[in-house]
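# Examination of the molecular architecture
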Amino acid sequence: MDNVAEIDEIDAKILRLLIKDARSKKTEIADYCGLSSTAIKNRIELMKANGIIVKSVLNINLASFGYPYLLLIGVNLLPERENQIIEMIKQHTKVAGIDRTIGKYDLCLFVFAKNLNDLERLKNLIKNQKGITKIDINIWNQFQINTENIKI
Amino acid sequence: MDKINQEILSQLLITPQKPFLKISEELGISSITVKDRYEKMKKDGIIIGNTIMLNLSKIGYQGKAFIHITTSDNNNPEIIIKALEQIPNVFLVSRIIGEFDLLVMVVFRDLTELKDVINRIRAQPSVSKVETSITDDTMYPVTREYSQLRLF
């Protein structure tokens, strides 16, 4: 279990702003929180040091790059083949997320596809791997991340 | 997409908070051009946003769940999506096409919290089936990683 760091309501405010726009200016955050920008800078640095803030991420629309389909693929597999299967998926697909899970599936994958042919190719590629016992493919329709609904 | 936009994006995918001035110096163009192009790509929907990745285990969360839902009434998905979004710690509700109808992603501090969320989902009138997979990964809210994808 990780050491749990304490954060207060001001830290939470800063995090919400950075989630919305990681390029927010320190002075803007400072105005919003009623603190100096040095104080904001120190709080951000501390949260980075504590490992709460991992990094910033540029969120792009893959449809603009020819990948309009986002697939959610649930995979069941033989445990002894798990590492090889993950390696294969990383090498041969445009995969944006691989989560090892417990429950309905052993792996939950987020994979991008160009078109229906590409989707079929991906399905066959994964399905034909030794050690895969079952895959379920769902195509992501529309989604929205809601960052307000969490007690940070 | 022209060469300059590709360059700007490539750099921001690796270092999302890289100052525009620094990018402009490396590309030999003005920083105003870089900023204008960044804003234009945001306006055009190529860039969705610039966000941060948090590790919620550092503030007491144990894991994340992928909850796959089958609904019995698909006429008004908006109603159930709204209801699901009200459930505490649900950070993503997405329509999906395939084996299931909806995907809900939630973070939880302990199994009691997760159980409560699942019970609240089951209690929704048009939810007919719920399947859950959980992971101890606590990265939030970004679940996708683009910097590894070869886009250009």
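Below is a short write-up of the structure.

What follows concerns the overall build of chain B. Across its full length, chain B holds five helices and six strands. Secondary structure of chain B in N-to-C order comes out as α-α-α-β-β-α-β-β-α-β-β. Computed over its C-alpha atoms, the radius of gyration of chain B comes to 20 Å, more than 25% above the 15 Å expected for a compact globule of 152 residues. By principal-axis analysis of the C-alpha atoms, chain B measures approximately 60 × 40 × 25 Å. Evaluated residue by residue, chain B yields a buried proportion of 54% over its 152 residues. A sequence separation of at least 24 residues applies to 68% of the contacts in chain B between residues at least 6 apart. Element-wise, carbon and sulfur atoms account for 50% of the exposed surface of chain B, whose accessible area totals about 7,100 Å². The positive charge centre, built from 19 side chains, and the negative charge centre, built from 19, are 3 Å apart in chain B.

All names here are of chain A. Helix H2 (residues 26-33) packs onto helix H1 (residues 9-20) with a crossing angle of 135° between their chain directions and a minimal axis gap of 10 Å. The angle between H1 and H2 places the two elements in the oblique class. The chirality of how H1 crosses H2 is right-handed. Residues Ile10, Lys13, Ile14, Leu17 and Leu18 of H1 touch H2, and the partners they reach there are Ile29, Tyr32 and Cys33. By residue class, the composition of the contact of H1 with H2 is seven nonpolar, no polar and one charged.

With that settled, the discussion passes to the interface of chain B and chain A. Contacts between the two partners involve 70 residues from chain B and, on the opposite side, 60 residues from chain A. A combined buried area of about 6,200 Å² lies between chain B and chain A, and 57% of that area is made up of carbon and sulfur atoms. For the pair chain B and chain A, the interface holds one salt bridge. The salt bridge involving B:Glu131 is made with A:Lys104; its shortest N-O contact spans 3.5 Å. Between chain B and chain A we count 24 residue pairs in polar contact (both at pLDDT 80 or more) in total.

Take the pairing of strand E3 (residues 90-98) of chain B next. All names here are of chain B. As defined by bridge partners, E3 adjoins strand E4 (residues 102-108) across five bridges and the pair is classed as antiparallel. Its bridge partner lying in E4, Val93 is registered against Val104. Two successive antiparallel strands, E3 and E4, enclose a turn made up of three residues.

Scanning the model with the defined rule gives four aromatic pairs over all chains in all. The interplanar angle of 40° and the centroid separation of 6.0 Å between the aromatic rings of A:Phe110 and B:Phe66 together place this pair among those described as tilted. Of this pair, A:Phe110 sits in strand E5 (residues 107-113) while B:Phe66 is found in strand E2 (residues 63-71), placing the two residues in two different chains. Residue A:Phe110 is classed as buried on the basis of its relative accessible area, which comes to 0%. Measuring from centroid to centroid gives 5.0 Å for B:Phe20 and B:Tyr38, while their planes differ by 55°, and the two rings are tilted. With B:Phe20 in helix H2 (residues 20-27) and B:Tyr38 in helix H3 (residues 31-43), this pair connects stretches of sequence that are 18 residues apart. By relative accessible area, which is 13% here, B:Phe20 ends up buried. In this structure B:Tyr38 comes out as buried when scored by relative accessible area, which is 2%. By the ring-pair criterion, three or more aromatic residues cluster together here, those being A:Phe110, A:Trp140 and B:Phe66. Over the aromatic face of A:Tyr32 sits the side chain of A:Lys13, whose NZ or CZ is 5.4 Å from the ring centroid.

Moving on to helix H4 (residues 77-85) of chain B. All names here are of chain B. For H4, every residue scored as buried is listed here: Pro77, Ile80, Ile81, Leu84 and Glu85. All buried residues of H4 fall inside an arc of 140° around its axis, so they share one side. Seen from the buried face of H4, the exposed residues on the opposite side, beyond 90 degrees, are Ile79 and Lys82.

Conventions adopted
- Residues numbered from 1 in each chain as written.
- Chains lettered and ligands numbered in written order.
- Predicted model: local features only at pLDDT ≥ 70, side-chain atom pairs only at ≥ 80, totals over all residues.
- Heavy atoms only, no water.
- Helix = DSSP H or I, 4+ residues; strand = E, 2+ residues; numbered from the N terminus.
- Rg over C-alpha atoms; globule rule 2.2 N^0.38 Å.
- Buried < 20%, exposed > 50% of the residue type's maximum accessible area, 1.4 Å probe, protein only.
- Contact = heavy atoms within 4.5 Å.
- Areas by Shrake-Rupley, 256 points an atom, 1.4 Å probe, with all protein chains shown as cover.
- Lys, Arg positive; Asp, Glu negative; His and termini not counted.
- Charge placed at Lys NZ, Arg CZ, Asp CG, Glu CD.
- Axes fitted to C-alpha atoms, helices over the stretch in contact; angles between N-to-C directions.
- Parallel < 35°, antiparallel > 145°, perpendicular 65-115°, else oblique.
- Left-handed = near helix turned anticlockwise from the far one by under 90°.
- Nonpolar A, V, L, I, M, F, W, Y, C, P; charged D, E, K, R; others polar.
- Buried area = accessible area lost by both parts, 1.4 Å probe.
- Salt bridge = Lys/Arg side-chain N within 4 Å of Asp/Glu carboxyl O.
- Polar contact = N/O pair within 3.5 Å; in protein donor to acceptor, adjacent residues only side chain to side chain.
- Pairing = 2+ DSSP bridges.
- Phe/Tyr/Trp six-rings, centres within 6.5 Å; stacked < 30°, edge-to-face > 60°.
- Lys NZ or Arg CZ within 6 Å of the ring centre and 35° of its normal.
- Arc of directions from axis to C-beta.

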